[in-house]
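This is what each chain is made of:
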Amino acid sequence: MADATAGDPASSIKWTHRSLRTLRKGLRCQGVRLSEKTIARLLRDQDFSLRTNRKRLARTQDPQRDRQFRYLTRLRWLYVSLGLPVISVDTKKKELVGNFKNPGRSYRRLARPVLDHDFPSWAVGRAIPYGVYDYAHNDGYMVVGTSHETPAFAGAAIRRWWLDVGRHRYPQAKRLLIEADAGGANDCRKWEWKVALQELADEFGLIITVTHYPPGASKWNPIDHRMFSLISGNWAGEPLVSYPVILHLIRKTRSSKGFHCRARLDTTEYPTKFKATPATKERVRLKPRLVLPKWNYTIWPRSESRKG
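Cut-offs and rules
- Residues numbered from 1 in each chain as written.
- Predicted model: local features only at pLDDT ≥ 70, side-chain atom pairs only at ≥ 80, totals over all residues.
- Heavy atoms only, no water.
- Helix = DSSP H or I, 4+ residues; strand = E, 2+ residues; numbered from the N terminus.
- Buried < 20%, exposed > 50% of the residue type's maximum accessible area, 1.4 Å probe, protein only.
- Polar contact = N/O pair within 3.5 Å; in protein donor to acceptor, adjacent residues only side chain to side chain.
- Contact = heavy atoms within 4.5 Å.
- Axes fitted to C-alpha atoms, helices over the stretch in contact; angles between N-to-C directions.
- Parallel < 35°, antiparallel > 145°, perpendicular 65-115°, else oblique.
- Nonpolar A, V, L, I, M, F, W, Y, C, P; charged D, E, K, R; others polar.
- Core = buried A, V, L, I, M, F, W, Y, C linked by side-chain atoms within 4.5 Å.
- Patch = residues over 30% accessible without salt bridge, like charges linked within 9 Å, V, L, I, M, F, W, Y side chains within 5 Å.
- Areas by Shrake-Rupley, 256 points an atom, 1.4 Å probe, with all protein chains shown as cover.
- Salt bridge = Lys/Arg side-chain N within 4 Å of Asp/Glu carboxyl O.
- Phe/Tyr/Trp six-rings, centres within 6.5 Å; stacked < 30°, edge-to-face > 60°.
- Lys NZ or Arg CZ within 6 Å of the ring centre and 35° of its normal.
- Pairing = 2+ DSSP bridges.
- Left-handed = near helix turned anticlockwise from the far one by under 90°.

1. Here's the deal with the side chain of arginine 76
At step 1: Tracing the chain through its elements places arginine 76 in helix α3 (residues 65-81).
At step 2: You can call arginine 76 buried: its relative accessible area is 9%.
At step 3: A distance of 3.1 Å separates polar atoms of two side chains, one belonging to arginine 76 and the other to tyrosine 213.
At step 4: Apart from residues no more than four positions distant in its own chain, arginine 76 is found in contact with Val86, Tyr135, Leu177, Glu179, Tyr213 and Pro222.

Structural data, given as structure tokens:
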């Protein structure tokens, strides 16, 4: 077993890539006859166990990663302590809408039959879930799009959250902190994303500060493990046969710590070829932060004078 053994050097836990059947056959070739149950017991006695892969290794490790995490954490707690809104945003995995297999299991008397292939042409459409997680109140807001994942769609989703939840929950707030990944619809390098935020800032008079997670660190975004994981667990094994079913399953998501989630459907068509012109970029009142300005910046409403 030496050539098929792996383990954690920081503990005594080990595992093997060979199955019990393969081990039984290998032992028989050496004249040792044991049952699979006995082999399993002997493996446990030697600290072997069944293990899955762990996503812990990142190929991209920016040298400023730790500094950004420290700054992001300080800014988040400053806003929370002042009673200002802090939201974490991201796009969840896109889903085909139809009677397709959804990973996971659910209690049923009989297995539910689904289509044998996941061909996009067989789908009713695509669901593009863009989430907004309120850090202080531990609740979520999901906008399910049917068009494309674009910065304009991301900006529209945040706007819907502010109209339905944010402005009522934070009636006196003039500032908003957004935590986002460094890629996707809210890519820190995309001017289209900043243009969408400028429109939001202008409409509601908000001073919007954005902090991005470094490349390869998106799994630390609170929305991933406090909202998306709960939704995935809630609809595990349930085919997403229609948009109303998707919205219903999102709204039913709960946790023991009081998490709940609102959901809305957005059928607007968002074109993918939009590019910000130089004139449009000039109208964005963007002020980079002093700490790591490539990931941290503030967008001021054009009706306000620059301060701070």
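2. Considering the packing of helix α1 (residues 20-29) against helix α2 (residues 36-45)
The packing of two helices is summarised by the inter-axis angle and the distance between the axes.
At step 1: Close contact between α1 and α2 brings their axes to 9 Å; oriented N to C, the two are set at 100 degrees. As summarised for this structure, α1 and α2 are arranged roughly perpendicular, according to the angle between their axes. Contacts between α1 and α2 involve Leu20, Arg21, Leu23, Arg24 and Leu27 on the former and, on the latter, Glu36, Ile39, Ala40 and Leu43.
At step 2: For the contact of α1 with α2, the residue count by class is six nonpolar, no polar and three charged.

3. Quick notes on the nonpolar core
At step 1: Core analysis: the biggest nonpolar cluster contains 65 residues, and Met142, Ile158, Trp161, Ile178, Met227 and Ile250 have the highest contact counts within it.
At step 2: Top contributing element to this core by residue count: helix α4 (residues 151-169), with eight residues.
At step 3: The residues contacting methionine 227, other than those within four sequence positions of it, are Gly131, Val132, Tyr133, Gly140, Tyr141, Met142, Pro222, Phe259 and Cys261.

4. Comments concerning a nonpolar patch on the surface
At step 1: Side chains of Leu115, Phe119 and Trp122 sit close together on the surface and give an oily, nonpolar patch of about 270 Å² of accessible area.
At step 2: By relative accessible area, tryptophan 122 is classed as partly exposed at 42%.

5. A short note on the pattern of salt bridges
Any two side chains of opposite charge can pair, on the condition that their charged atoms come close.
At step 1: Applying the stated criterion to the full structure yields 15 salt bridges.
At step 2: Of the charged contacts in the structure, one is a salt bridge between arginine 41 and aspartate 45, with a shortest N-O distance of 3.9 Å. Residue arginine 41 and its partner aspartate 45 are both found in helix α2; the two are separated by four residues, about one turn of the helix.
At step 3: Taking the shortest distance from any N to any O, the salt bridge between arginine 108 and glutamate 238 comes out at 3.2 Å. Placement of the pair is arginine 108 in the loop between β4 (95-97) and β5 (125-134) and glutamate 238 in the loop between α6 (222-234) and α7 (243-251), with a sequence separation of 130 residues.
At step 4: The exposure class of glutamate 238 is partly exposed, given its relative accessible area of 24%.

6. Concerning the packing of aromatic side chains
At step 1: This model, assessed by the stated rule, comprises nine aromatic pairs.
At step 2: Relative to tyrosine 213, the ring of phenylalanine 69 lies with its centre 5.7 Å away and its plane at 70 degrees, an arrangement referred to as edge-to-face. In this pair, phenylalanine 69 is assigned in helix α3 and tyrosine 213 in the loop between β8 (207-212) and α6, connecting sequence segments 144 residues apart. Assigned by exposure class, phenylalanine 69 and tyrosine 213 land together as buried.
At step 3: Summarising the aromatic geometry, the rings of tyrosine 130 and phenylalanine 153 are spaced 6.0 Å apart at their centres and angled 75 degrees between planes, so their arrangement reads as edge-to-face. With a gap of 23 residues between them, tyrosine 130 in strand β5 and phenylalanine 153 in helix α4 connect regions that are remote in the sequence.
At step 4: Judged by its relative accessible area of 0%, tyrosine 130 falls in the buried class.
At step 5: By relative accessible area, phenylalanine 153 is classed as buried at 1%.
At step 6: Joined through ring pairs, the aromatic side chains of Phe69, Tyr213 and Trp220 make up one cluster.
At step 7: Lying over the aromatic face of tryptophan 191, lysine 194 brings its terminal NZ or CZ to 5.1 Å of the ring centre.
At step 8: One cation-aromatic arrangement involves lysine 294 over tryptophan 295; the distance from NZ or CZ to the ring centre is 4.4 Å.

7. Concerning the pairing of β5
At step 1: Here β5 lies mainly inside the structure; nine of its 10 residues are buried.
At step 2: Across five bridges, strand β3 (residues 86-91) lies against β5 in antiparallel orientation. Residue pairing for β5: threonine 91 is matched across the bridge by tyrosine 130.
At step 3: The pairing of β5 with strand β6 (residues 139-145) spans seven bridges and is antiparallel. Of the residues in β6, the one forming a bridge with valine 132 is tyrosine 141.

8. A short note on the packing of α4 against helix α5 (residues 191-204)
At step 1: The geometry of α4 relative to α5 is characterised by a closest axis approach of 8 Å and an angle of 25 degrees between their N-to-C directions. Classified by the interaxial angle, the pair formed by α4 and α5 is roughly parallel. Crossing of α4 over α5 shows right-handed handedness. Residues Pro151, Ala154, Gly155, Ile158, Arg159, Trp162 and Leu163 of α4 form the contact with α5, whose own contacting residues are Glu192, Trp193, Ala196, Leu197, Leu200, Glu203 and Phe204.
At step 2: In terms of residue class, the contact of α4 with α5 is built from 10 nonpolar, one polar and three charged.

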